[in-house]
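Commentary on secondary and tertiary structure
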Amino acid sequence: MTDEQALLLQIGQGNRIAFRQLYDQTSPQLFAIALRLMKKQDMAEEILQEVFLTLWHVSDQYNIERGSVRTWLSTITRNRCIDRIRRLPAEQVLLLNEETMLSEMASDHNDPLAHAMQADHQALLSMCMQGLDDQQRQCVSLAFFDGMTHQQVASHLTVPLGSAKTWIRRGLDFLKKCMERL
Amino acid sequence: MTTPTTGQQPDDPKDLLNVIAAQYVLGTLSNSARLRFQTLMQQQPALRQLTHAWERRLNPLASLLEPQDVPAHVWQQIEAKLDILNQLSGNHSAMSQPENAGVVDTSTTDTSLINTNAASAKPLNTPTDNSKNTAKSEGQNQAVNDSFWQPWAWVSTAIAASLALFIVFKPQPLPFTQPPVVVQTQPAPSRDIAVLSDDNKQPAWIVRQQGNALLLSQINNYQVPSDRDLELWSIQGNAVPQSLGVVRIQQGKAVLSVAQTRLLVDDAILAISLEPKNGSPTGQPTGSVLYTGKVV
């Protein structure tokens, strides 16, 4: 059992110290996810609160089928963010993107997938990433890290919608096959 | 309409479901398609497993982001909300730490326990239980099926095809499981049963019972954020909060149908929390508790 799984058990028994411990261990990563997706500090903080309040109530629902505890918490965080983004008025999403993202996205510096290719500790993961071509990688990154729909990815890259869909589809196909070998 | 793939749609509808599950996890589905997918996922274990497999594949990518410092007030607000929820559950002692609670022993536990014994490990009938969710588990105790990616013995082509078509092409969102808001058209004997106040003890809502309906009248000017809903809860003694439904305000009023009027007995506490759109996804309050009041 991992340390984080053990903490979940303690949380399930109402142990707030374990709850704080898991918060300390995981919240910076989860906050990074929320911040990247929501683009706004206050919204990201709100999401993080919701995630941990949810965790307090459903810690006993963790299942190894959901991956590691961190992956499970990442899933909860991403789902919360994406659900929220999808319900925002379109103009607000556009505003968020224009304010905080467009200039950043033009650079590979903020592309986590590009960064991963150089990170030793992510060797296995980056092995799969390296198999994606530039277009596929960029599309997957915009969708995964920035919560963009197909249409938004296409608009952002100024490419036809069908092209964006195709690149994402091929990228996912490749990742599935590659990661099954890991 | 959200078409999750390009003109190169998979011919096999089962493959199409696989593609949709991947794109749900990736996050490219529209809001309506996501809602339909989430509803179906709750009903279809096979679809849930398929989605979880994609979660395991894709979501570790999130670890590639550089961790960010979290402001201290975030934890303080989490604690404050837990305290309020705990208070509402009538169990001040719930959060008291068990002996040696500060020592988290990770060396003697068995990985398999995480799925099978987590819930039962909670002390029964302790106050702590009351503040924690007992809603049904999503796939809890399901074993990981190593042969999951083998040919889809677990779902028929016809079912897969209909599900895929439903998710992709159905124009309207599915109905939600929350108790619906209804318009009260039949006059019925009524009485005011509670006044809900905010943290500053300022009255904010008057709750009137009319037969099996609740009429809520807003006193203050609180505006619900556009991406949120209010949800009304009943808390009796040490029991876990029971949802009475999502409160959708129209011109300062909201009407809820209450199937279980036993939730409105004297001394029950009513509370309104701020939840994600269409209500708490966990069956328990997850957002801020804004207003509380006792049924009289």
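The sections below set out a description of the structure shown in this document. (Residues numbered from 1 in each chain as written. Chains lettered and ligands numbered in written order. Predicted model: local features only at pLDDT ≥ 70, side-chain atom pairs only at ≥ 80, totals over all residues. Heavy atoms only, no water.)

Moving on, we come to the environment of Leu22 of chain A. On the secondary structure map, Leu22 of chain A appears in helix 2 (residues 16–38). On a C-alpha basis, the gap between Leu22 of chain A and Ala6 of chain A in space is 9.8 Å, while along the polypeptide they are 16 residues apart. (Helix = DSSP H or I, 4+ residues; strand = E, 2+ residues; numbered from the N terminus.)

The final tally for this structure, using the stated rule, is 9 aromatic pairs over all chains. Between Phe19 of chain A and Trp75 of chain B, the aromatic rings sit 5.5 Å apart at their centres with planes inclined by 50 degrees, giving tilted as the arrangement. Remark: Trp75 of chain B occurs in helix 4 (residues 72–88) and Phe19 of chain A occurs in helix 2; the pair is interchain, linking two chains. The class of Trp75 of chain B is buried, set by a relative accessible area of 6%. Through successive ring pairs, a cluster of aromatic residues spans Phe19, Tyr23, Phe52 and Trp56 of chain A together with Trp75 of chain B. Seen from the ring of Phe144 of chain A, Arg78 of chain A lies directly overhead, with NZ or CZ sitting 3.8 Å from the centre. One residue, Arg57 of chain B, lies across the ring of Trp54 of chain B, its end atom 4.6 Å from the ring centre. (Phe/Tyr/Trp six-rings, centres within 6.5 Å; stacked < 30°, edge-to-face > 60°. Buried < 20%, exposed > 50% of the residue type's maximum accessible area, 1.4 Å probe, protein only. Lys NZ or Arg CZ within 6 Å of the ring centre and 35° of its normal.)

A separate point is the pairing of strand 4 (residues 228–235) of chain B. Residue and element names in this part refer to chain B. Burial analysis of strand 4 places 8 of its 8 residues in the buried class, which makes it a mostly covered element. Side chains Arg228, Leu230, Leu232 and Ser234 of strand 4 all project onto a buried face; the interleaved residues Asp229, Glu231, Trp233 and Ile235 project onto the opposite face, where all are buried too. Where strand 4 lies against strand 7 (residues 269–276), 8 bridges are found, and the strand directions are antiparallel. Following the sheet pairing, Leu230 is matched in strand 7 by Leu274. Pairing of strand 4 with strand 5 (residues 242–247) involves 5 bridges; the strand directions are antiparallel. (Pairing = 2+ DSSP bridges.)

On to the side chain of Glu50 of chain A. Following the sequence through the fold, Glu50 of chain A ends up in helix 3 (residues 41–58). Residue class for Glu50 of chain A comes out buried when judged on its relative accessible area of 5%. At 2.2 Å, the side chain of Glu50 of chain A forms a polar contact with the side chain of Arg228 of chain B. (Polar contact = N/O pair within 3.5 Å; in protein donor to acceptor, adjacent residues only side chain to side chain.)

In this structure, Phe19 and Phe52 of chain A together with Leu58 and Ile78 of chain B are the most contacted members of the largest nonpolar core, which totals 76 residues. At 11 residues, the largest contribution of residues to this core is made by helix 2 of chain A. With 24 residues, the next largest nonpolar core counts Leu230, Leu256, Leu263 and Leu264 of chain B among its residues. (Core = buried A, V, L, I, M, F, W, Y, C linked by side-chain atoms within 4.5 Å.)

Read these as spatial facts, not as claims about activity.
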